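# Close look at the chain arrangement
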Amino acid sequence: MSPVDGRLPGDSGTAVADDRPGDDRFNAKPFVRATDPELAALLDAELDRQEQTLELIPSENLASPAVLDALGSWLNNKYAEGTPGKRYYGGCQVVDQIEILARDRAKELFGAEHANVQPHSGTQANMAVYQSALEPGDRVLGMALDQGGHLTHGSPVSFSGKIYHFEPYFVSEETGVLDMDAVRRRALEVMPKMIVAGYSSYPRILDFPAFAEIAKEVNALLLVDMAHFAGLVAGGAHPSPVPHADFVTLTTHKTMRGPWGAIILCKAQHADSVDKSVVPGVQGGPHPHGMAAKAVMLHQCLQPEFRTYARQVVANAAALARGLRARGAVLTTGGTENHLMVIDLRPYGLRGRAVQAAFDEAGITVNANTFPGHGGTPFNPNGIRLGSPSVTSRGMQEPEMDEIAGLIVALLEDLEGRATRESVRGRSLDLCRRFPLPYRSAA
Ligand SMILES: *Cc1c(COP(=O)(O)O)cnc(C)c1O
């Protein structure tokens, strides 16, 4: 990647030459800079933070300058409630074409029968799927939340747990891995109307054919929430749930490396009800700028370079896991098959909150996370979750992952040590400088 041509390592497209003077200060966002210095200073501060920290939160990534270009455009000015050709507003001729382009690219990328590219976030996507297929009070089977499931999979503090009757399935206590025979037994007990497969912090590949078979056996619909691993599927580095599921939801800002938002894929027979459940069911106007940025992202995901990126994300996660284990760290399930992993902090006698804070000071961003049988509380769990998508977008590869593993274990073994923290800070900053972000010179 070159910060000068404004591309991420996986992007194709035309280089943008930087012929503006003064590369020392960030010269993008010139209009904010010219009119609102107060906010411009905050934009600079956040860019500094992103540039100077190793981002290991597995749900975060770097959107390319092309994605951000579409996002920050005049498409923002348009209301377009409805779907292409069936809008509640006039003036939608161009937005129709943009939405159709994004939809067609999503269908092509994932081999899906129908795509809705309007959801503002993964939560709205799941909400729309539930609304299209379920009645309030219906039973749904989802992964236990403290074992890797998501808030929208039935948490009592989420709409999902308030409106629908969620029941959990669990991972094996011995291995931490999902045992599909146990999932099947739970399905036969609960007899749900829908089964949700998907996670926010589970480091293994899900068995989609087995989920589909169980759903069929109990006559349930299958939703695969691939919010986290959609980019791996898009890049051919992970099996696809699309042929097996009635509905698939995905976020576009995680491994897809696009704008904040989500997409719903479904079988043709559900297309109408899904579209109506998004608008007017759970949203007002779709974001035309967001749909355009999704189209740009999908175009990037269809390029061979994105396949290289997705494979590198998985290879980097494996290298990070290897490096951690070689230095004595314990990972839940013993490792990873995707882009994320969870370190068990108990052998170090540490808790998640303190670790997260100490890592922040050392320039490494992680998040505290529960894991099966972790014994902590949701607010202060005994695990931290790490992922490779963002550092891979900076161009880092296996040797850097091993270096990062060394930094992580050094900190865990001496969390309060000032000298250790300072030396890790120096080395994380050095890595960040060797792999800069692409934003400073791009408009
Ligand atoms: C991130 C995530 C979502 C959606 O989250 P938003 O923050 O609403 O975009 C949904 N499901 C899973 C499994 C996730 O990890």
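Since this is a predicted model, take the numbers as computed values, not measurements.

## Observations concerning the side chain of Arg440
Looking at where Arg440 falls in the secondary structure, it is placed in the segment after helix H16 (418-434). Reaching out from Arg440, the side chain makes a polar contact with the side chain of Asp48 at a distance of 2.9 Å.

## Side note on the site of the ligand
Close to the ligand lie 14 residues; Gly122, Thr123, Ser200, Asp225 and Lys254 are nearest. Here an oxygen atom of the ligand and a backbone polar atom of Gly122 are 2.9 Å apart. Separating an oxygen atom of the ligand from a side-chain N or O atom of Lys254 is a distance of 2.9 Å. Protein chains shield 88% of the accessible area of the ligand, which is 380 Å² for the free molecule. Of all the cavities here, the one that holds the ligand is the second largest pocket. The dominant element in the shell around the ligand, judged by the number of residues it contributes, is helix H5 (residues 122-133), at 3 residues. In the shell around the ligand, the residues fall into 3 nonpolar, 9 polar and 2 charged.

## Some details on the packing of H5 against helix H10 (residues 271-282)
At a minimum axis distance of 8 Å, the contact between H5 and H10 shows a crossing angle of 115 degrees. With respect to the hand of their crossing, H5 and H10 are arranged in right-handed fashion. For the pair formed by H5 and H10, the contact residues are Gln124, Met127, Ala128, Gln131 and Ser132 on the first element and Ser273, Val274, Ser277, Val278, Gly281 and Val282 on the second. Along the lines of polarity and charge, the residues of the contact of H5 with H10 split into 5 nonpolar, 6 polar and no charged.

## Digging into the pattern of salt bridges
Here the structure, examined in full by the defined rule, presents 19 salt bridges. Residue Glu99 pairs with Arg87 through a salt bridge whose shortest N-O separation is 2.8 Å. Placement of Glu99 in helix H4 (residues 93-110) and of Arg87 in strand S3 (residues 86-87) is noted, with a sequence separation of 12 residues between them. Look at Glu99 and you get buried, because its relative accessible area is 1%. In this structure, the salt-bridge partner of Glu337 is Arg204, at a minimum N-O distance of 3.3 Å. With Glu337 in the loop between helix H12 (304-326) and strand S11 (340-344) and Arg204 in the loop between strand S7 (194-198) and helix H8 (208-217), this residue pair connects regions lying 133 residues apart in the sequence.

## Regarding the sheet that holds strand S10 (residues 262-266)
Strand order in the open sheet formed by 7 strands is S4-S10-S9-S8-S7-S5-S6, and the pairing between neighbours is mixed. A single partner strand is all that each edge strand has here, and the edge strands are strand S4 (114-116) and strand S6 (165-169). Neighbour to neighbour, the strand axes of the sheet diverge by 20 degrees on average, direction disregarded. Looking at chain direction, S4 and S10 are connected through 3 bridges and run antiparallel. In the sheet register, His114 faces S10, and the bridge partner there is Cys266.

Conventions used here
- Residues numbered from 1 in each chain as written.
- Predicted model: local features only at pLDDT ≥ 70, side-chain atom pairs only at ≥ 80, totals over all residues.
- Heavy atoms only, no water.
- Helix = DSSP H or I, 4+ residues; strand = E, 2+ residues; numbered from the N terminus.
- Polar contact = N/O pair within 3.5 Å; in protein donor to acceptor, adjacent residues only side chain to side chain.
- Near = heavy atom within 4 Å.
- Areas by Shrake-Rupley, 256 points an atom, 1.4 Å probe, with all protein chains shown as cover.
- 1 Å grid on protein atoms, 1.4 Å probe; cavity = no way out; pocket = protein on both sides within 12 Å on 5 of 7 lines; lining within 4 Å.
- Sits in = over half its atoms within 2 Å of the grid points.
- Nonpolar A, V, L, I, M, F, W, Y, C, P; charged D, E, K, R; others polar.
- Axes fitted to C-alpha atoms, helices over the stretch in contact; angles between N-to-C directions.
- Left-handed = near helix turned anticlockwise from the far one by under 90°.
- Contact = heavy atoms within 4.5 Å.
- Salt bridge = Lys/Arg side-chain N within 4 Å of Asp/Glu carboxyl O.
- Buried < 20%, exposed > 50% of the residue type's maximum accessible area, 1.4 Å probe, protein only.
- Pairing = 2+ DSSP bridges.

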